[in-house]
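# Secondary and tertiary structure notes
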Amino acid sequence: FRLDHPSLTKLRELAVMHRVGYMHANSIIGKLLKKINDSRVEFPNPSAFVMSAVKNAVWTIGRKGS
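Described below are features of the structure shown in this document.

Definitions and limits used
Residues numbered from 1 in each chain as written. Predicted model: local features only at pLDDT ≥ 70, side-chain atom pairs only at ≥ 80, totals over all residues. Heavy atoms only, no water. Salt bridge = Lys/Arg side-chain N within 4 Å of Asp/Glu carboxyl O. Helix = DSSP H or I, 4+ residues; strand = E, 2+ residues; numbered from the N terminus. Buried < 20%, exposed > 50% of the residue type's maximum accessible area, 1.4 Å probe, protein only. Patch = residues over 30% accessible without salt bridge, like charges linked within 9 Å, V, L, I, M, F, W, Y side chains within 5 Å. Areas by Shrake-Rupley, 256 points an atom, 1.4 Å probe, with all protein chains shown as cover. Arc of directions from axis to C-beta. Contact = heavy atoms within 4.5 Å. Axes fitted to C-alpha atoms, helices over the stretch in contact; angles between N-to-C directions. Parallel < 35°, antiparallel > 145°, perpendicular 65-115°, else oblique. Nonpolar A, V, L, I, M, F, W, Y, C, P; charged D, E, K, R; others polar.

## Some remarks on the pattern of salt bridges
For the structure on display, the rule yields one salt bridge. Residue K10 is joined to E13 by a salt bridge in which the shortest nitrogen-to-oxygen separation is 3.7 Å. Here K10 and its partner E13 are both found in helix 1 (residues 5–15), three residues apart, which amounts to about one turn of the helix. In this structure E13 comes out as partly exposed when scored by relative accessible area, which is 40%.

What follows is the structure, encoded as structure tokens:
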């Protein structure tokens, strides 16, 4: 996926945050695959995408109290 170490680390940390964190991490990976495979859209920085998605997922998990 051409991800840097910090983004991979954050994604792994999200995946071990209870079941809901795991579900969010899988969703992020799915979206990443879709963006990479979509030849009509340029995707120059997958690491930034993952970092942003993880940040949003952690915020959502904290907000819902899960």
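What follows continues from the structure just given.
## Considerations on a nonpolar patch on the surface
There is a patch of nonpolar side chains on the surface, built from F1, L33 and I36 and spanning about 250 Å² of accessible area. Tracing the chain through its elements places L33 in helix 2 (residues 18–37). Residue L33 is classed as partly exposed on the basis of its relative accessible area of 36%.

## What about helix 1?
Those residues of helix 1 lying buried are S7, L11 and L14. One side of helix 1 carries all its buried residues, which in axial view fall inside an arc of 60°. In helix 1, those exposed residues whose orientation departs by more than 90 degrees from the buried face are H5 and R12. Its buried side turned inward, helix 1 meets helix 2 and helix 3 (46–64).

## Thoughts on the packing of helix 1 against helix 2
Contact pair helix 1 / helix 2: the axes reach a minimum separation of 6 Å and the direction vectors enclose 140°. The angle between helix 1 and helix 2 places the two elements in the oblique class. Here helix 1 contributes L11, L14 and A15 to the contact with helix 2, which in turn contributes H18, G21, Y22, H24, A25, I28 and I29. Residue composition of the contact of helix 1 with helix 2, grouped by class: seven nonpolar, three polar and no charged.

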